[in-house]
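Next come the chains, spelled out residue by residue.
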Amino acid sequence: MRHLLDTESLSRDNAIQILDTAQEMSAVGEREVKKLPALRGRTVVNLFFEDSTRTRISFEAAAKRLSADVINFSAKGSSVSKGESLKDTAQTLEAMSADAVVIRHWASGAPARLATSGWIDAAVINAGDGTHAHPTQALLDAFTMRAHWSQLAGTPSVGGDLAGMRVVIAGDVLHSRVARSNVWLLRTLGAHVTLVAPPTLLPVGVGHWPCEVSYDLDATLDAGADAIMMLRVQAERMDASFFPSTREYARRWGFDDARLARLDELKLKDTIIMHPGPMNRGLEISSSAADSARSTVLSQVRNGVSVRMAALYLLLSGEMREPATPAPSNAKDKS
Amino acid sequence: MSSPSAAFEEAPFNAASANVSRVVLTAADIDRALTRIAYEILEANKGSANLLLLGIPRRGYPLAQRLAAKLAASDPTIDPQAIVGQLDVTMFRDDLAHHPTRAPERTALPVSGIDNKVIVLVDDVLYSGRTIRAALDALVDLGRPRAVRLAVLVDRGHRELPIRADHVGKNLPTSSSEKVRVRLAEIDGPGAADQVVIEAGA
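Residues numbered from 1 in each chain as written. Chains lettered and ligands numbered in written order. Predicted model: local features only at pLDDT ≥ 70, side-chain atom pairs only at ≥ 80, totals over all residues.

Helix and strand content of chain B: four helices and eight strands. In chain B, the succession of α and β elements from N to C terminus is β-α-β-α-β-β-α-β-β-β-α-β. Rg of the C-alpha trace for chain B: 16 Å, near the compact-globule value of 17 Å for 202 residues, within the 12% margin. Along the three orthogonal principal directions, the C-alpha set of chain B runs to about 50 × 40 × 30 Å. (Helix = DSSP H or I, 4+ residues; strand = E, 2+ residues; numbered from the N terminus. Rg over C-alpha atoms; globule rule 2.2 N^0.38 Å.)

Next comes the structure, spelled out in structure tokens:
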């Protein structure tokens, strides 16, 4: 791999390698010295054109635990607000000899542009672009699911996948890059994905995605699920009215107390509730669901650091003069 | 990984396929060497108190397990499961930037931890000494052992760092173009006989 841009082009071997490496990385957080020297002397730039809390902090923690130098850049308060283009910003970073660029951008495809345009030589990691992809979030979700799934099966999680797992992703699919990245990654790992959303919050062409689509959350839950991922209602991207009122949305598509109780009635005692954060409590997820024992919200955040350490390590260690390849899927540089 | 991490030092990437190979240690030789090392470890430590064996993946770990079994055979107070661990050094190597990316292996320490213990690092082949340097760095991040010793099955010379082994199965004079291959049933499959082979370089 040279860049991590999306999960659609991520091969099963590469995905499992990232998850396995993340497994080893997670042990670092419990040690006396929470640092590895693997990326000493490398520079990682966090290039954030869009607001973010956990992704940026998580990437920063991951890079620092691998001893890399971290430069944080946010569009607010920088020359971008004076009208500097992505190209000029990127070349400025190149001149400062960045080894990796972690980019979040409001425009879908900005990371791919950065990776393929030849403007910079650094490895590019997509930390969320528009409504396109958020690969590290999907990987950390898969990591969380795999830990749960292998614990249920009583098998070691290293080397395993998600074969047979039933995953429900519910909420604002239309604006969600998390949902898109998850659909493709979970497909690669063998899980069965069902998207649940009001018809207005489903993108055009969703029928061609490798998943099932439903408009009815209760019916989907009755059919059984091993993991339920609630997506945030992205009010900041909503330029039209997609549902009549927040109360109606919460009642029909939110994971409320009644549905939490329904899981117990259905004897789904091992079903986990996931949320990529930040949560709109009371809208797509109720407080009691978010704070229940089923909720993996905090372990998702914890796993995020491990997964991002794995991604940075796999992209940045290895031969310095690796030939550039157009897509990450055909660059399998495993020894 | 197609090639074992422990073999990186002794296997240059550009070496052509080996045409001549010579068995230098058979399964019985390896077993006798490990028996002697086990007694040496007990003797040097004046008993089994505070002793831990940490194998370096991949082939150091099964060797550490075998040594622990031999220690337990001579001293019944030893629980072989409780004194063996595995120490991954991938992240601490000084050649990370010069080789293809390697997936890290697991580090698993005995539950007792390593503080104030006598650690015996176990590896299959001692060559440049760089793996052991990485292992020493890895240990420092995990705790503060009272002493660290080194046991290797084969010492083939060509050291690049001031490092020596305390317990050596066999000193093997080699040329740096040769490759030393250690085959162990635990790693190479139950069909493979335990042996140490020297393959001539190109």
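From this point on, the discussion continues.
Residues and elements named next belong to chain A. According to the domain assignment, chain A consists of domain 1 (12-134 + 300-321) and domain 2 (135-299). Each of domain 1 and domain 2 was reduced to a C-alpha centroid, and the two centroids are 26 Å apart. Elements that contribute at least two residues to the side of domain 1 that touches domain 2 include exactly α1 (12-26), β4 (123-129) and α11 (297-316). Of the residues in the side of domain 1 that touches domain 2, the class split is 10 nonpolar, 10 polar and six charged. (Domains from an automatic or database assignment. Nonpolar A, V, L, I, M, F, W, Y, C, P; charged D, E, K, R; others polar.)

Moving on, we come to the sheet that holds strand β2 (residues 69-74) of chain A. Residue and element names in this part refer to chain A. Across the sheet, which stays open at both edges, the four strands sit in the order β2-β1-β3-β4 with parallel pairing between neighbours. Of all the strands in the sheet, just β2 and β4 have a single pairing partner and so form its edges. Averaged over all pairs of adjacent strands, the angle between their axes in this sheet comes to 15°, without regard to strand direction. (Pairing = 2+ DSSP bridges. Axes fitted to C-alpha atoms, helices over the stretch in contact; angles between N-to-C directions.)

Okay, the packing of α1 of chain A against α11 of chain A next. All names here are of chain A. Two elements in contact, α1 and α11, have axes separated by 8 Å at closest approach and are oriented at 120°. The two elements α1 and α11 meet at a crossing, and its hand is right-handed. Taken together, the residues of α11 that come into contact with α1 (itself represented by Gln17, Ile18, Thr21, Ala22, Met25 and Ser26) are Asn303, Ser306, Val307, Met309, Ala310, Ala311, Tyr313 and Leu314. Taken together, the residues that form the contact of α1 with α11 break down as nine nonpolar, five polar and no charged. (Left-handed = near helix turned anticlockwise from the far one by under 90°. Contact = placed C-beta atoms within 7 Å.)

Let's shift gears to the nonpolar core. All names here are of chain A. In this structure, Ala100, Val101 and Leu312 are the most contacted members of the largest nonpolar core, which totals 148 residues. Counting residues per element, this core draws most heavily on α11, at 11 residues. Shared between two domains, this core holds at least three residues of each, these being domain 1 (12-134 + 300-321) and domain 2 (135-299). Once residues within four sequence positions are removed from consideration, Val101 is found in contact with Val45, Leu47, Leu93, Leu114, Ile120, Ala122 and Val124. (Core = buried A, V, L, I, M, F, W, Y, C linked by C-beta atoms within 7 Å. Buried ≥ 20, exposed ≤ 12 C-beta atoms within 10 Å, placed from the backbone.)

In this section: the pairing of strand β5 (residues 166-170) of chain A. Residues and elements named next belong to chain A. Among the five residues that make up β5, four are buried, leaving the element largely enclosed by the rest of the structure. Relative to strand β6 (residues 192-196), β5 is paired through five bridges, and the arrangement is parallel. Among the inter-strand pairings, Val168 is bridged to a residue of β6, identified as Thr194. Following the chain from β5 across helix α6 (residues 177-188) to the adjacent parallel β6, one finds a crossover that is right-handed. In the sheet, β5 pairs with strand β8 (residues 227-230) via four bridges, with the strands oriented parallel. For Ile169, the partnering residue across the bridge sits in β8 and is Met229. (Right-handed = clockwise from strand over helix to strand, strands pointing away.)

The next subject is the sheet that holds strand β1 (residues 21-25) of chain B. All names here are of chain B. If you trace the three strands from one edge of the open sheet to the other, you get β1-β8-β7, paired in antiparallel fashion. The open sheet has two edge strands with one neighbour each: β1 and β7 (179-183). Adjacent strand axes in the sheet meet at a mean angle of 30° when their direction is disregarded. Pairing analysis gives five bridges linking β7 to strand β8 (residues 195-199), with the strands arranged antiparallel. Bridge pairing in β8 links Val180 to Ile198.

We now examine the packing of α1 of chain A against helix α5 (residues 135-153) of chain A. Residues and elements named next belong to chain A. At a closest axis distance of 10 Å, the pairing of α1 and α5 adopts a crossing angle of 70°. Here α1 is positioned roughly perpendicular relative to α5, judged by the angle of their axes. Helix-helix and strand crossings are classified by hand; for α1 and α5 the assignment is right-handed. Across from Ile18, Leu19 and Ala22 in α1, the residues of α5 making contact are Leu139, Ala142, Phe143 and Arg146. Counted by class, the contact of α1 with α5 contains six nonpolar, no polar and one charged residues. (Parallel < 35°, antiparallel > 145°, perpendicular 65-115°, else oblique.)

Glancing now at the environment of Leu217 of chain A. All names here are of chain A. For Leu217, the location among the structural elements is in helix α7 (residues 217-222). Along the chain, Leu217 and Thr43 lie 174 residues apart, while their C-alpha atoms are 45 Å from each other. What Leu217 contacts, discounting residues up to four positions off in sequence, is Ala170, Val196, Arg252 and Trp253.

Of note, the amide linkage connecting Gly277 of chain A to Pro278 of chain A takes the cis form, showing an omega dihedral of -10°. Inspection of the secondary structure assignment puts Pro278 of chain A in the loop between β9 (272-274) and α10 (287-290). Cis geometry is adopted by the peptide bond preceding Arg58 of chain B, which originates at Pro57 of chain B and carries an omega value of 0°. In this fold, Arg58 of chain B is placed in the loop between β2 (51-55) and α2 (60-74). Of note in the backbone geometry, Lys267 of chain A takes a positive phi value of approximately 60° without being a glycine.

Before going further, it helps to examine α1 of chain A. All names here are of chain A. The terminal C-alpha atoms of α1 lie 21 Å apart, and with 15 residues this matches the ideal 21 Å at 1.5 Å per residue to within 8%. Among the 15 residues in α1, 11 count as buried, and that is most of the element. Where α1 is concerned, the buried positions are Asn14, Ala15, Gln17, Ile18, Leu19, Asp20, Thr21, Ala22, Gln23, Glu24 and Met25. For α1, the elements touching its buried residues are α5, α6 and α11. (Expected span 1.5 Å × (residues − 1).)

All names here are of chain A. An ideal rise of 1.5 Å per residue puts 27 Å on 19 residues; α5 measures up with 26 Å between its terminal C-alpha atoms. Burial within α5 is extensive, with 14 of its 19 residues counted as buried. Immediately beyond the C-terminal end of α5, within one or two residues, lies Gly154, with a positive phi of roughly 75°.

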